[in-house]
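Listed below are the residues making up each chain.
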Amino acid sequence: MSAHIGLNSLNGLSRREFLTAMGGMVVSFAVPTADAAHAAIASARTGPWPEKIAADALDSWLIIGADGRVTACVGKIDAGMGIVTSFTQIIADELDVPMESVTVHMGDTATTPDQRGTGSSNGIIDGGSALRNAGAEARGALMAMAAIRLNVLAAQLTTADGAVSVVGMPDRRITYAELVGGKRFDVKVSGKATPKEASQYRFVGKPIPRQDVEQKVTGKYAYMVDFKLPGMLHARLIRPPQAGAKLLGFDAKQKLPGMVKVVSRGDFLAVVCTREEQAVHAANALKVKWAAPAPMFSASYDALYRHLRETKPTVSEENQKTGDVQAAFAKAATKLDVYYEYPFQSHACMGPACAVADVSRERAQVWMGGQKPYPLRKAVAETAGLTQEQVRVTWLPGPGSYGMNDADDAAIDAAFISTEIGKPVRLQYSRADGTAWDPKGPPSAIHMRGGLDEKGEAILYHFESHGYSGRTRPSGTDSFGDSLAAQLIGGFKTKSTNLFQLPSESYKFAHKRRAAHLIDWTQSLNTGLRTAHLRDPDGMATCFASECFIDELAHTARMDPVEFRLKHLSDARHKLVVKAAADKAGWHARPSPSSRKTGPIVTGRGLAYAPRAGSVVAIVAEVEINIDTGKLRVTRFVAAHDCGFVINPTSLVGTVEANLMQAMSRAMFEAVQF
Amino acid sequence: MAKPTRLTVNGKKVSVDVPVDTPLLYVLRNDLDQHGPRFGCGLAQCGACTVHVNGDAIRSCVTPLSAVAGNHVTTLEGLAERFVERRKKGAGSLHPVQTAFIEHQAAQCGYCINGWVMTAAAYLDKKPGATEAEIREALSGLQCRCGSHMSIMRAVKLASANMAKDAA
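Residues numbered from 1 in each chain as written. Chains lettered and ligands numbered in written order. Predicted model: local features only at pLDDT ≥ 70, side-chain atom pairs only at ≥ 80, totals over all residues.

**Some points on the overall build of chain B**
Argument step 1. Scanning chain B from terminus to terminus reveals six helices and five strands.
Argument step 2. When its helices and strands are written in sequence order, chain B yields β-β-α-β-β-β-α-α-α-α-α.
Argument step 3. At 16 Å, chain B has a C-alpha radius of gyration in line with the 15 Å of a compact globule built from 168 residues.
Argument step 4. Expressed along its principal axes, the backbone C-alpha trace of chain B runs to roughly 50 × 35 × 25 Å.
Argument step 5. Among the 168 residues that make up chain B, the fraction classed as buried is 53%.
Argument step 6. Contacts in chain B between residues at least 24 apart in sequence constitute 62% of all its contacts with a sequence separation of at least 6. (Helix = DSSP H or I, 4+ residues; strand = E, 2+ residues; numbered from the N terminus. Rg over C-alpha atoms; globule rule 2.2 N^0.38 Å. Buried ≥ 20, exposed ≤ 12 C-beta atoms within 10 Å, placed from the backbone. Contact = placed C-beta atoms within 7 Å.)

**Some points on the overall build of chain A**
Argument step 1. What chain A contains, in helices and strands, is 20 helices and 26 strands.
Argument step 2. Over its C-alpha atoms chain A spans a radius of gyration of 28 Å, differing by no more than 12% from the 26 Å that the globule rule assigns to 674 residues.
Argument step 3. Viewed in the frame of its principal axes, chain A has a C-alpha envelope of about 80 × 80 × 45 Å.
Argument step 4. Across the 674 residues that make up chain A, the buried fraction comes to 54%.
Argument step 5. By sequence separation, contacts in chain A at least 24 residues apart represent 77% of the contacts at least 6 residues apart.

**Regarding the confidence of the model for chain B**
Argument step 1. For chain B, mean pLDDT is 96; residues scoring 70 or higher make up 98% of the total.
Argument step 2. Across the assembled chains, the prediction reports ipTM 0.98 with pTM 0.94. (pLDDT = per-residue confidence, 0-100.)

**Observations regarding the sheet that holds strand S1 (residues 62-64) of chain A**
Residues and elements named next belong to chain A.
Argument step 1. Reading across from one edge, S1-S2-S3 is the order of the three strands in this open sheet, with mixed pairing throughout. Edge positions in the sheet fall to S1 and strand S3 (102-106), since each has one partner strand and no second. Pairs of neighbouring strands in the sheet enclose a mean axial angle of 20°, with direction left out of account.
Argument step 2. Sheet topology places S1 next to strand S2 (residues 70-74); three bridges connect them, and they run antiparallel. (Pairing = 2+ DSSP bridges. Axes fitted to C-alpha atoms, helices over the stretch in contact; angles between N-to-C directions.)

**Describing the interface of chain A and chain B**
Argument step 1. Listed as interface residues are 37 residues of chain A and, on the opposing side, 41 residues of chain B.
Argument step 2. Elements represented by at least two residues in the side of chain A that touches chain B include exactly helix H9 (212-218), helix H10 (276-285) and helix H20 (649-669) of chain A.
Argument step 3. Ranked by the residues each element gives to the side of chain A that touches chain B, the list is headed by H20 of chain A, at eight residues.
Argument step 4. Taken together, the residues of the side of chain A that touches chain B break down into 17 nonpolar, eleven polar and nine charged. (Nonpolar A, V, L, I, M, F, W, Y, C, P; charged D, E, K, R; others polar.)

**Quick notes on the pairing of strand S25 (residues 615-626) of chain A**
All names here are of chain A.
Argument step 1. Where strand S24 (residues 601-612) meets S25, twelve bridges bridge the pair, whose relative direction is antiparallel. The residue bridging Gly-604 from the neighbouring strand is Val-623, located in S25.
Argument step 2. The loop that links S24 with its antiparallel partner S25 comprises two residues; one of these, Ala-613, has a positive phi angle of about 45°.
Argument step 3. Two strands pair when backbone bridges link them, and S25 and strand S26 (residues 632-642) are joined in this way by ten bridges, in the antiparallel orientation. Residue Glu-624 lies in a different strand from S26, and its bridge partner there is Arg-633.
Argument step 4. A loop of five residues connects S25 with S26, the two strands running antiparallel in sequence, and Gly-630 in this loop sits at a positive phi of about 80°.

**A few points about the confidence of the model for chain A**
Argument step 1. On average, chain A scores 92 in pLDDT, and the residues at 70 or more come to 93%.
Argument step 2. The low-confidence segment residues 1-44 of chain A (pLDDT under 50) makes 90 contacts with residues lying over four places distant or belonging to another chain.

**As for unusual backbone geometry**
All names here are of chain A.
Argument step 1. At the junction of Ser-592 and Pro-593, the peptide bond is cis and its omega measures out at -5° in the coordinates.
Argument step 2. Within the secondary structure, Pro-593 sits in the loop between helix H19 (572-585) and strand S23 (597-598).
Argument step 3. Of note, Asn-151 is a non-glycine position whose phi angle comes to about 60°, a positive value.
Argument step 4. Mapping Asn-151 onto the fold places it in the loop between helix H7 (123-150) and strand S4 (157-160).

**With respect to the sheet that holds strand S7 (residues 233-237) of chain A**
Residue and element names in this part refer to chain A.
Argument step 1. An order of S9-S10-S7-S18-S15-S16-S17 is seen for the seven strands of this open sheet, with the pairing classed as mixed. Both outer strands of the open sheet, strand S9 (259-265) and strand S17 (391-395), are each paired with one neighbouring strand and no more. Pairs of neighbouring strands in the sheet enclose a mean axial angle of 20°, with direction left out of account.
Argument step 2. Bridge analysis of S9 against strand S10 (residues 268-273) gives six bridges, and the strand direction is antiparallel. Paired with Val-263 across the two strands is Ala-270, which belongs to S10.
Argument step 3. Contacts from helix H13 (residues 373-384) reach strand S15 (354-359), strand S16 (364-368) and S17 within the one sheet, and its direction differs from that of S17 by about 140°.
Argument step 4. Across the sheet, helix H14 (residues 407-421) touches S7, S9, S10, S15, S16 and strand S18 (425-428), and the angle it forms with S15 is around 30°.

Quick look at the structure:
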């Protein structure tokens, strides 16, 4: 199986060295190990790095080595869904090479095109299509070169197994390596090459095992936390004990083992030591004085939701206005008036963030584990007082990430500390730094109103949310002000934007309105309650409210909830996905709830659906509730997941299953306390 | 400085010259370049740092170096080799738990996977053929944020069955 080595072993190399390496050192890359990564890292070069990797140059995307190995460069990252394998399948098919010959290299600003990284599930959507087009362009370019070398028309040529040959004359053949191995294509991406038809694919669409799983279960997969630089120091942060607490001072004379420096600016405080455990100890032992702040937040969730509902919004948006919702509600024969509430939630990644930064007066290199390494380049330049050409940001696999977690803040913290001390530094957040201070999924107080007419027909759907923008902390970090460090230091502006909490659905009612109100939250910027993207930003809250409400409407109308949905949905594809989930689940059409009960256990079922950015998902859940203890257990999920063309069904199923588990945990158990 | 601490890591005798209260996790990762065990919480709450000490799964983030002096430590990197030695299997074989994780593609980001593999391996080494309920109990102190639990359970059940066959 082809190797996922690019990112792990090449991040110290400049693009030119990388190209040279592909010609001369391929064997050492063939087995991807942490050791190979470290060997390459040891040869890290100093820049300056190109201002940008030209997206319109084929060489930016594909490199064919002297031995015929193909390296695909892409501006995405793999957060654990296995898209490296999917990219490998795409390139192997489009270019007609064995999967074993393909290496995927990603997430490095110095050697891969800037696609901002991965977010909104766009790894395959954008990265996959870019690579598919690059593969088609490259195959066309190789055939054009072969036509000259073999002295035939390009139309008479075909490609297979890393070589071009004349149709019907397999001996008249020239390999890709002979044509362009170790050299540049020097052609522009024309946008005119035609990728293959799906029927021609050999790898795409097949359940091919992920390449990273064996490395992960044998300890060979190199993560961000495994990265080391010679002479690197270890840093830990000391965050304010409460949101808004001001740093009064620390004991600068305190002797602590291995202490190199305390970095302090505004309310930002970090210790730097020779060894990691010394930094852990110093962060706990340093005598620090904080001023007790006035409470910044509501004292409870009840108070928070009340605050959200009663505070004048800073900005509002409404859409899907049909009929007259106020009048319809006033005269409805049966009224429904319901509140749904959704709390702050944490990414709570498996490991708190880690980053390494090496900043000098001439250059800055930062290694980070988040989804958006590319925008960070500008923010690091600002942090270190350098130009972008002097900055390189390299992604290494992190401990899971579900949007804007703590990775970017750690990268900027590390860059800031390294700038202050002029030495390479590794910053590892503590568990508390991670869970308490990572950006949070925003809370929402949602008001749903609906009604039935005299005939029992549902005629009204009125959605109104009150919450915080999910981009109070921006979803990429391209300015220092977006980082927690800047907000703790004070005096920097963040590029917060509005993200309105609106559901995605296609229900049609005679009277309908959806409105979202955002409440000012600037006081959160230097706290652990900054709101940001957390898997399906706002989707869990808005879908929870909207779909539960649809169930209430169906119940009030005494209709089966699936039948009710099919009756009111307007989008044909949405209906098909809902129907697929219900059919697979063996859904028994009847109004909910049933009266089935065995002892204290009652059983229930539910269906919810959500379209999102081109994908449509419907889930049937079967649950048991012990009415004596209140204990709830999900006994079965059936998921219908229509995400369009599937590159790798194995990876997709794994991702869907994992999403179900995470979503179940968040729905049943999780709320950040404050 | 006190005398260096001697221990055996993945079959190799090593001597480490750091304070004996240093958590084993940092010694393994930073002094001995063993990256299988990872920092997740530092509080023995997640299991990402699990290693075997004389065949038992322990949390290396809260285990001081002094506690393993003179003992055998196995990390994820050494798991297959130690298994192969014990069972006299051919080189290149993996521990049946690792094989089953690959078979069931039981990982997303994989940061936690060390904990699941090492805990399951230590448990099934002693109790091949463990039932699903026993496996759930044995793995109950572990975490996975990506939500790989279903594939992990399939993998460990497969490993348990395969190891029972091997033991028979």
